[in-house]
Amino acid sequence: MLTKTIEINWHDGQAIYSTDFSPDGYRYATAGADCSVRMWSLHARSTDNQPPEITNKPTHGRDREEERKKKLADSLPVNIDFLSELKRHSSPVNVVRFSPKGEYLASAGDDACIILWKLSIERETSFGYEYNDFEKETWSVTHMFYGHTKEIYDLSWSPCGKYFITASIDNTARVWCLAEKACVHVFADHSHYVQGVSWDPLGEFVATQSSDRSVAIYRYKASPQGKLIFGGCARRFSKLDRKKLSSVVDENTSGCARMYHDETLVSFFRRLSFSPDGALLVTPAGINKFPDTNTMTDDMDEFGEDLQNCAYIYPRNTVLKHPVALIGNHPKPSIAVRWCPMLFRNRRSTSSAFALPYRMLYALATQDSVYIYDTQQIRPICAISGMHFAPVTDLAWSADGSMLMFSSADGYCSAVIFADGELGIKYDKKPEAMEEEVQQVAVSHSINHSTVDDIIAKKRPSAIIAEEDKGKKRRITPVFVQSRP
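So, here is what we can say about the structure in this document. Small disclaimer: the values here were computed from a predicted structure and weren't measured.

Definitions and limits used
Residues numbered from 1 in each chain as written. Predicted model: local features only at pLDDT ≥ 70, side-chain atom pairs only at ≥ 80, totals over all residues. Heavy atoms only, no water. Helix = DSSP H or I, 4+ residues; strand = E, 2+ residues; numbered from the N terminus. Buried < 20%, exposed > 50% of the residue type's maximum accessible area, 1.4 Å probe, protein only. Contact = heavy atoms within 4.5 Å. Areas by Shrake-Rupley, 256 points an atom, 1.4 Å probe, with all protein chains shown as cover. Pairing = 2+ DSSP bridges. Axes fitted to C-alpha atoms, helices over the stretch in contact; angles between N-to-C directions. Salt bridge = Lys/Arg side-chain N within 4 Å of Asp/Glu carboxyl O. Core = buried A, V, L, I, M, F, W, Y, C linked by side-chain atoms within 4.5 Å.

**Quick look at the overall build of the protein**
Part 1 of the reasoning: Of the regular secondary structure elements, the protein holds three helices and 31 strands.
Part 2 of the reasoning: Taken across its 485 residues, the protein has 55% of its residues classed as buried.
Part 3 of the reasoning: Of the contacts made within the protein by residues no fewer than 6 positions apart, 60% connect residues no fewer than 24 positions apart.
Part 4 of the reasoning: If you sum the accessible surface of the protein, you get close to 21,900 Å²; carbon and sulfur atoms cover 49% of it.

**What to know about the sheet that holds strand β11 (residues 163-168)**
Part 1 of the reasoning: Strands sit in the order β10-β11-β12-β13 across an open sheet of four strands; the sheet is antiparallel. Each end of this open sheet is capped by a strand with a single partner; those strands are β10 (152-157) and β13 (182-187). Ignoring which end each strand starts from, the neighbouring axes of this sheet average 25° apart.
Part 2 of the reasoning: Judged from the five bridges that link them, β10 and β11 form a sheet pairing that is antiparallel. Each residue of the ladder has a partner; that of L155, found in β11, is T166.

**Quick notes on the pattern of salt bridges**
Part 1 of the reasoning: Applying the stated criterion to the full structure yields 18 salt bridges.
Part 2 of the reasoning: D262 is the partner of R213 in a salt bridge, and the nearest nitrogen-oxygen pair spans 2.9 Å. With R213 in the loop between β15 (205-210) and β16 (214-222) and D262 in the loop between β19 (256-258) and β20 (273-274), this pair connects stretches of sequence that are 49 residues apart.
Part 3 of the reasoning: Here the salt bridges share partners, and the residues they tie into one network are D12, D34, R38 and E85.

**Let's talk about unusual backbone geometry**
Among all residues except glycine, the phi angle is most often negative; among peptide bonds, the trans geometry is most common.
Part 1 of the reasoning: With a phi close to 70°, C35 is a non-glycine residue in the positive phi region.
Part 2 of the reasoning: Of note, C35 is situated in the loop between β3 (27-32) and β4 (37-44).
Part 3 of the reasoning: In this model, R213 sits at a positive phi of 75°, which is unusual for a non-glycine residue.
Part 4 of the reasoning: By relative accessible area, which is 31% here, R213 ends up partly exposed.

**Observations regarding the nonpolar core**
Part 1 of the reasoning: Membership of the largest hydrophobic core comes to 23 residues, with the highest contact counts inside it found for I313, M360 and Y362.
Part 2 of the reasoning: Elements with a contribution of two residues or more to this core: β21 (280-291), β22 (305-315), β23 (325-330), β24 (334-345), β25 (358-366), β26 (369-374) and β27 (377-385).
Part 3 of the reasoning: Ignoring sequence-local partners within four residues, the contact set of Y362 consists of V282, I313, I327, V337, R338, W339, C340, Y371, I372, Y373, D374 and W397.
Part 4 of the reasoning: Counting 19 residues, the second largest nonpolar core, distinct from the first, contains A336, A363, I384 and V392.

Right, dumping it as structure tokens:
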């Protein structure tokens, strides 16, 4: 694995708020505070490409500058090329997402407008535009959607690519239809900013996350005419009964603890995400209160409870009941989750945390670090920190899962490059054959219990199982993850 910050002029030095790969892996889109979306060609550099041979030949003037630029390019772990700049927004762009087939690109931001872009067949130029000579393709506006009254922070496409949902700080989430070119439904159950949305890839749920400390799950179905019909809020999660947590060792402990950070969390985003097979939903910005009457630390609230940053995991079969696990104990709150589109075979030497016949990877971004997990274990595969001077804002996986990119408000993106086979052997089973399996996903019973008890005694659990039945305890091995200096 190779990690490096790509220090190029992404958005004229201004903050980058969102990033995404096209489904074919050819294009990489970034959105920033300069009110534009920029398209790039981004590929991992082949190991066959070696840096140029250094000679003692003297260089002067322009030749020296060209040599310096070439050395800089050769030092990067990726081959990157500027393709196009998309400028129609009048304010910073907060989110950019390709449609499932890559035909469209949707962008939205502080101007409360969603712009739908499509690649033009003919090359176009704009008079007086400074990047005309560098552009290699042109994206034209297909439609501009209006309806939100304030800034838009997140966007997610439906699996069919005919709808998308947006999250706004006007306290609503809206569903938009490409065929009707209009908003077809408004979710208005949240009492504060909606900062994250995610669409179930199996076409049954949509999920929203808000700074009102809650996550809402909605069901929908298709009418005989093919239109989507959304019901009311099927379940809203904001508090969790402590008696359902395996960390509660005192039977007299009672009451509910809030699950998520409130509006005081300094972040624009709470980007939750369904797994590519629809089996799991991971929600960021989680918080777990662990009572400890013997010690007091700076991380305790006014009730003497130890605050732990985490992310909650909801399996599909209990997504309307409760989460089954939390991961984390991160130094900073988590703000975004992104799943790798590829599936991998389970490792035979490791017991699986979830009853899945394959392994999925996901990246969890906190304000200053990125953690990569898989569904076979709760401990992270790796932790990446110290890459940026400002908060991380978004994550994106390449189509083949060999590259993870994450953006930052400092105006740069970082790349995580994986060698062939480093993440495991790819799982070849077709998605249609997996749908029945993900309906019954559950926590595995083969997890070592003794390690959990040892960590609980120290009052610093990293992963805790939520249980519906106290008599049947299901636990996941926790590991404290220390951030790198």
